[in-house]
Amino acid sequence: MSIDNYKNVNKQTWNNKVDIHVASDFYNVSDFLLGKNSVPKIDLELLGDIKGKSILHLQCHFGQDTLSLARLGAKCTGVDLSDKAIEKAKQLNEELNLDAKFICCDVYETPNHLDEKFDIVYTSYGTIGWLPDLDKWAKVISHFLKPNGKLVFVEFHPVVWMFDDDFTKIQYHYHNEKPIVEEYTGTYADQNADIKTDYIGWNHSLSEVFQSLMNNGLQIEHFGEYDYSNYNCFNETIEFETNKFRIKHLENKIPMMYSLMGRKI
Ligand SMILES: C[S@@+](CC[C@H](N)C(=O)[O-])C[C@H]1O[C@@H](n2cnc3c(N)ncnc32)[C@H](O)[C@@H]1O
């Protein structure tokens, strides 16, 4: 598999996952349609009062979180590489009678599709691992933020991505040494789903994240690390409190997520 083709490989993978994700207990679309907000508390606290604010949501998948923010009164635009995900997002937007906009494109290409500045850029959980170059990512974020606008970014911790699937050994580099090219059976939202996907991803260290944002005009105002995951998307987990998951045999010994707030200066 050629790395140069990573966008097509990953687009195919994400397109193949959409129907399974929409039908999964993990995404729980039925409760969302009944009004449940899908955005985790950590993210909501960092986002603050979003009523009337404009939000650009990068890598929005099929739009559930984007639309949850729209229901709280924000003017939202969601961007994603997967045309199937964007099609579903638009359908949900219509069904719920909301006014979110959705654009299908690569994150790096967003400035060619959208001519607007935003109060907030938001992106979360399983995003930067699909992107080879964080400097390009940070440039896009900076481009779209109004002066004094903020980035809210919540992500799985790079330490989590160092382990093998069952968290028995260190298998991958902490630093971005090389692309990770693999085949995966099932999906994080439904481990038993009858689906095999190829993917090409990258591990990004915290210094890479910080440096890329600082190099592109963002001042870091908040950084947090968490010894649990909001989502039950890994193997060998235990739910030690409602919606807080850890790897059973690792207890609270590793960081599993981080949150960051950056301000455009
Ligand atoms: C794990 S999901 C997003 C997480 C989101 N919090 C969720 O669960 O709904 C990752 C998303 O990134 C998108 N994606 C992957 N590579 C991308 C790229 N180069 N540009 C834009 N979106 C991309 C995928 O299509 C997918 O919808």
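Note that the coordinates shown come from a computational prediction; the quantities given were computed from them, not determined experimentally.

Asker: What is the right way to read the site of the ligand from this model?
Answerer: Around the ligand sit 17 residues, and of these Tyr27, His61, Asp80, Asp106 and Val107 come closest. Between an oxygen atom of the ligand and a side-chain N or O atom of tyrosine 27, the distance comes to 2.6 Å. Within the side chain of histidine 61, one N or O atom sits 2.9 Å away from an oxygen atom of the ligand. Here the ligand, which alone exposes 600 Å², has 95% of that area covered by the protein.

Asker: What is the right way to look at helix H7 (residues 206-215) in this model?
Answerer: Since one α-helical turn is 3.6 residues long, residues separated by three or four positions face the same way. Along H7, the positions that sit buried rather than exposed are Leu206, Val209, Ser212 and Leu213. Projected down its long axis, H7 shows its buried positions confined to an angular sector of 140°, all on one face. The elements touched by buried residues of H7 are helix H6 (134-144), strand S5 (145-156), strand S8 (218-226) and strand S11 (257-264). In the stretch just after H7, glycine 217 is the one whose phi turns positive, near 85°.

Asker: Before we go on, may I ask you to explain unusual backbone geometry in this structure?
Answerer: Trans peptide bonds make up most of the peptide bonds, and negative phi angles are found at most residues other than glycine. A positive phi angle is found at tyrosine 125, which is not glycine, with a value near 55°. You can see tyrosine 125 is positioned in the loop between strand S4 (118-124) and H6. In the Ramachandran plot, glutamate 236 falls in the positive-phi region, its phi being about 60° despite a non-glycine side chain. By secondary structure assignment, the location of glutamate 236 is in the loop between S8 and strand S9 (237-241).

Asker: Sorry, what's going on with the sheet that holds S4 here?
Answerer: Consider a sheet: its strands pair through backbone hydrogen bonds, and that pairing is either parallel or antiparallel. Overall, mixed pairing links the seven strands, which are arranged S3-S2-S1-S4-S5-S11-S8 in an open sheet. Of all the strands in the sheet, just strand S3 (101-104) and S8 have a single pairing partner and so form its edges. The average angle at which neighbouring strand axes cross in this sheet is 15°, direction not considered. Judged from the seven bridges that link them, S5 and S11 form a sheet pairing that is antiparallel. Of the residues in S11, the one forming a bridge with lysine 150 is arginine 263. Together, strand S1 (54-58), strand S2 (75-80), S3 and S4 form the strand contacts of helix H4 (residues 64-71), whose direction differs from that of S2 by roughly 175°. Helix-sheet contacts for H6 involve S1, S4, S5, S8 and S11, and the interaxial angle to S5 is about 140°.

Asker: So what exactly am I meant to see when it comes to the packing of aromatic side chains here?
Answerer: The geometry of two aromatic rings is summed up by the distance between their centres and the angle between their planes. Per the counting criterion, the structure on display carries 23 aromatic pairs. Pairing phenylalanine 167 with phenylalanine 234 gives two aromatic rings, centres 5.9 Å apart and planes at 85°, and the pair type is edge-to-face. Of this pair, phenylalanine 167 sits in the loop between S5 and strand S6 (180-185) while phenylalanine 234 sits in the loop between S8 and S9, placing them 67 residues apart in sequence. Of the two residues examined, phenylalanine 167 and phenylalanine 234, each falls in the buried class.

Asker: What is the right way to look at the pattern of salt bridges in this model?
Answerer: Oppositely charged side chains may form a pair once their charged atoms are brought near each other. In total, this model carries 12 salt bridges according to the counting rule given. Note that lysine 41 and glutamate 45 form a salt bridge whose closest N and O atoms lie 3.8 Å from each other. Taken together, the residues lysine 41 and glutamate 45, both in helix H3 (residues 41-47) and four residues apart, mark about one turn of the helix. For lysine 41, a relative accessible area of 63% puts it in the exposed group. For glutamate 45, a relative accessible area of 57% translates into the label exposed. One salt bridge connects aspartate 99 with lysine 75, and the closest N-O pair in it is separated by 2.9 Å. Here lysine 75 lies in strand S2 and aspartate 99 lies in the loop between helix H5 (83-95) and S3, a separation of 24 residues in the sequence.

Definitions and limits used
- One numbering rule holds for all chains: residues counted from 1, following each sequence as written.
- Residues qualify for local features only when their pLDDT is at least 70, as the model is predicted, and side-chain atom pairs are given and counted only at 80 or more; totals for whole chains, interfaces and linings, by contrast, use all residues.
- Derived side-chain values reflect all non-hydrogen atoms in the structure, with water molecules and hydrogen atoms excluded from consideration.
- Whether a residue is near a molecule or strand depends on its heavy atoms: it is near if one of them lies within 4 Å of it.
- Within 3.5 Å is the distance limit for a polar contact, defined as a pair of N or O atoms, with the added protein rule that one can donate a hydrogen and the other accept it, and that residues adjacent in sequence qualify only through two side-chain atoms.
- In this description, accessible areas are obtained by the Shrake-Rupley approach with a 1.4 Å probe, and a residue is regarded as covered only by the protein chains that are shown.
- Partly exposed describes any residue whose relative accessible area lies between the buried limit of under 20% and the exposed limit of over 50%, with all areas from a 1.4 Å probe on protein chains only and scaled to the type maximum.
- By the criteria applied, helices consist of DSSP H or I runs no shorter than four residues and strands consist of E runs no shorter than two, each listed in order from the N terminus.
- This arc is taken over the directions from the axis of the helix to the C-beta atoms.
- Any two residues whose heavy atoms approach within 4.5 Å at even a single point are treated as in contact.
- Strands qualify as paired when DSSP identifies two bridges or more between them.
- Only C-alpha atoms enter the line fits that serve as axes; for helices the fit covers just the stretch in contact. Angles between N-to-C directions range over 0 to 180 degrees.
- Aromatic rings from Phe, Tyr and Trp, with only the six-membered ring used for Trp, were paired whenever their centres fell within 6.5 Å, and each pair was classed as stacked if the ring planes differed by under 30 degrees, edge-to-face if by over 60, and tilted otherwise.
- Each reported salt bridge corresponds to a side-chain nitrogen of Lys or Arg within 4 Å of a carboxyl oxygen of Asp or Glu.

So far we have only geometry, and geometry alone does not tell us how the molecule works.
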